[in-house]
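Structural characterization, general
One-letter residues, chain by chain:
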Amino acid sequence: MNVARVQVDGDPVAAAASLRALAPPGVSVSGTVSEIVASVRARGESALMEYVERFDRVDGPLRVERHECEEALAALDPAVRTGLEVAVRNVRAVAEAGMADDLDVALPEGQTVTLREVPVRRAAIYTPGGRNPYPSTVVMGVVTARAAGVDEVVVCAPGAHPVILAACALCGADEVWRMGGAHAVAALAYGTDTVRRVDVIAGPGSLYVQEAKRQVAGDVGIDGFAGPSDVLVLATAGADPRLVALDLLAQAEHGDGTIVVLVTDDAALREAVGAIVDAEAAGMDAAGALVLVPDPAAGLAVAEAFAPEHLQLMGGAAEALATEVRSAGCVFVGSQSATAFGDYVAGSNHTLPTGGAARFASGLSTRHFRRRMSVVRIGDAAGALARAGAPVAQAEGFDRHAASMRVRENPSG
Ligand SMILES: NC(=O)c1ccc[n+]([C@@H]2O[C@H](COP(=O)([O-])OP(=O)(O)OC[C@H]3O[C@@H](n4cnc5c(N)ncnc54)[C@H](O)[C@@H]3O)[C@@H](O)[C@H]2O)c1
Ligand SMILES: N[C@H](CO)Cc1c[nH]c[nH+]1
Ligand SMILES: [Zn+2]
């Protein structure tokens, strides 16, 4: 891993942009992805099968049978099963806590507007499987979709590794498909002879997967851009360099496209972290940077502009900034709060916005599987509302809109 030493004294936005430039941007795959999406959309199953054979690990037929998942669960290492069960319990508790009740709003003219939330009918969880299998992603996605009330939860995973199948059985996935990449996203968005289209596609993955989600968004709901991982550790005096270095190296395991960054105002800490990372990062293909800033506030400004997927705050002065953070996928506060806990068992969701999308996007939650609609009951408020609304409709040149309201002004007359 190439670990850059950077000094930032000025513009945090420019500094964040140069840190992002350490890994290639998503547009480089957009041409390939649009070709794949277009051919699966046009040719369906035959195109899908060609791409599965060309790009995915092919370990069996496209559809995984339910008994295969159950057998994988029965054969699962008991310690892994216990860990997944802890993850399921904690992720479910957090997901359920995020559910909101419907809200009735009574308005002065007498009408009511109910803010009603309903789950989508069918959702897919993309589970990465190119470089490493991610059974933990099955937990993050399926448990959250179930907590949201989705009727049918579908999982797709290239190669469908046995631990992924076991996690599907544990979480109660309804369908499992042995497919990945942009072609899987296109199949789930538009449907093929065997894959029925879904309403929402959520889940992390490589640039191919995230770019495909971006391209089909609008025809299907997506959670956002959850691509190659990143972590920014903002560390100040008192942080343990061994823990900081290990947390950077841990996320660097995600490989190509991953960015790991230390931001600190403590030159000695940076040197100590750098020595460990340099010694241990040989052969890793993530990008790294160790950034020196004049003070913790300047460090926070760089972090906010970078909008990391994971932000760790370590050391007294850094931890004191926790309430000021606005732009991070998930914030881990204190020396014990390693990102790796959030990846698996803490209860927070590990499917998080990357590439700086944490400026505006949120980590996966039940909201991504639910939609809100207003339910309007006018009743006796029609008269007052017609007197208010009809002139506005006429000002827009819509006479029949006005008439549609005015005709209700005197229901009995
Ligand atoms: N942001 C998050 O929440 C989060 C969570 C977990 C993992 N991740 C990220 O997910 C990613 C997982 O990536 P992965 O590659 O291991 O698995 P993946 O399943 O996302 O991608 C692999 C698939 O991409 C397709 N592909 C690969 N090369 C291709 C090519 N040249 N042309 C067309 N298609 C191609 C293939 O279908 C392959 O099966 C990592 O970058 C990791 O950091 C992110
Ligand atoms: N760090 C990843 C999210 O960027 C999640 C993960 C799963 N397994 C290991 N890590
Ligand atoms: Zn991770």
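Residues numbered from 1 in each chain as written. Chains lettered and ligands numbered in written order. Predicted model: local features only at pLDDT ≥ 70, side-chain atom pairs only at ≥ 80, totals over all residues. Heavy atoms only, no water.

Turning next to the site of ligand 1. Around ligand 1 sit 28 residues, and of these Asp56, Tyr126, Arg131, Ser206 and Ser229 come closest. Contacts to ligand 1 include Asp56, whose side-chain N or O atom sits 2.4 Å from an oxygen atom. Interatomic distance of 2.7 Å between a backbone N/O atom of Ser206 and an oxygen atom of ligand 1. Calculation on ligand 1 without its partners gives an accessible area of 860 Å², and the protein chains cover 86% of this total. Of all the secondary-structure elements, those providing two or more residues to the shell around ligand 1 are α8 (181-190) and α9 (207-216). Classifying every residue of the shell around ligand 1 by side-chain character gives twelve nonpolar, 13 polar and three charged. Structurally, the shell around ligand 1 is a two-domain feature, drawing no fewer than three residues from each of domain 1 (2-23 + 228-346) and domain 2 (28-226). (Near = heavy atom within 4 Å. Polar contact = N/O pair within 3.5 Å; in protein donor to acceptor, adjacent residues only side chain to side chain. Areas by Shrake-Rupley, 256 points an atom, 1.4 Å probe, with all protein chains shown as cover. Helix = DSSP H or I, 4+ residues; strand = E, 2+ residues; numbered from the N terminus. Nonpolar A, V, L, I, M, F, W, Y, C, P; charged D, E, K, R; others polar. Domains from an automatic or database assignment.)

Let us now look at helix α11 (residues 267-280). An ideal rise of 1.5 Å per residue puts 20 Å on 14 residues; α11 measures up with 20 Å between its terminal C-alpha atoms. Every buried residue belonging to α11 is among Leu269, Arg270, Val273, Gly274 and Val277, and all of these are buried. Across the axial projection of α11, the buried residues extend over an arc of 130°, all falling on one side. Exposed residues lying more than 90 degrees from the buried face of α11 are Ala268, Glu271 and Ala279. Buried residues along α11 sit against β1 (2-7), β10 (230-235), α10 (241-252), β11 (259-264) and β12 (287-292). The backbone nitrogen of Ala268 lies 3.1 Å from a side-chain oxygen of the residue at the head of α11, namely Asp266. (Expected span 1.5 Å × (residues − 1). Buried < 20%, exposed > 50% of the residue type's maximum accessible area, 1.4 Å probe, protein only. Arc of directions from axis to C-beta. Contact = heavy atoms within 4.5 Å.)

Right, let's talk about the packing of α10 against α11 for a bit. One way to put it is that α10 packs onto α11 with a least axis distance of 9 Å and a crossing angle of 45°. Between α10 and α11, the angle falls in the class oblique. α10 and α11 meet at a crossing whose hand is right-handed. Contact residues: α10 offers Pro241, Arg242, Val244, Ala245, Leu248 and Leu249, while α11 offers Leu269, Ala272, Val273, Ile276, Val277 and Glu280. Partitioned by chemical class, the residues of the contact of α10 with α11 number ten nonpolar, no polar and two charged. (Axes fitted to C-alpha atoms, helices over the stretch in contact; angles between N-to-C directions. Parallel < 35°, antiparallel > 145°, perpendicular 65-115°, else oblique. Left-handed = near helix turned anticlockwise from the far one by under 90°.)

Around the zinc ion (ligand 3), the protein contributes the donor atoms Gln251 (OE1), His254 (NE2) and Asp343 (OD), which lie 2.1 to 2.7 Å from the metal centre. Read from N- to C-terminus, the donor residues coordinating the zinc ion (ligand 3) fall into the pattern Q-x2-H-x88-D. (Donors = N, O, S within 2.8 Å, 3.2 Å for Na, K, Ca; no water.)

Turning our eyes to something else, we now look at the UniProt feature "binding site: Zn(2+)" (unreviewed entry) in the protein chain. Annotation from UniProt places "binding site: Zn(2+)" (unreviewed entry) at Gln251, His254, Asp343 and His401. Spanning 151 residues, the named residues do not form one spatial group; their C-alpha atoms are separated by as much as 56.7 Å. Checked against the element boundaries, His254 lands in the loop between α10 and β11. Given the relative accessible area of 24%, His254 is considered partly exposed. At 2.7 Å, the side chain of His254 forms a polar contact with the side chain of Tyr134. Given a relative accessible area of 48%, His401 falls into the partly exposed group. (UniProt positions renumbered as here; feature names shortened; annotations may be inferred.)

The next thing to look at is the environment of Leu243. As for its position among the elements, Leu243 is in helix α10. Remark: the alpha-carbon pair of Leu243 and Gly383, spanning 140 residues in sequence, is separated by 67 Å. Excluding residues that lie within four positions of it along the chain, Leu243 makes contacts with Met314 and Ser335.

Let's shift gears to the packing of helix α5 (residues 78-97) against helix α7 (residues 162-171). Two numbers describe how α5 lies on α7: the axes approach to 11 Å, and their chain directions differ by 45°. Classified by the angle their axes make, α5 and α7 are oblique. Crossing geometry of α5 relative to α7 is assigned as right-handed. On α7, the residues touching Val80, Arg81, Leu84, Glu85 and Val88 of α5 are Val163, Ala167, Leu170 and Cys171. For the contact of α5 with α7, the per-class residue count stands at seven nonpolar, no polar and two charged.

Whenever strands of a sheet pair, they do so through backbone hydrogen bonds, lying parallel or antiparallel. Spatially, β3-β4-β15 is the arrangement adopted by the three strands of the open sheet, whose pairing is antiparallel. On the outer flanks of this sheet lie β3 (103-106) and β15 (370-377), each paired with one strand and no other. Going from strand to strand, the sheet's axes swing by 20° on average, the running direction of each strand aside. One ladder, built from eight bridges, connects strand β4 (residues 112-119) with β15; its direction is antiparallel. What sits directly across from Val118, in β15, is Arg371. (Pairing = 2+ DSSP bridges.)

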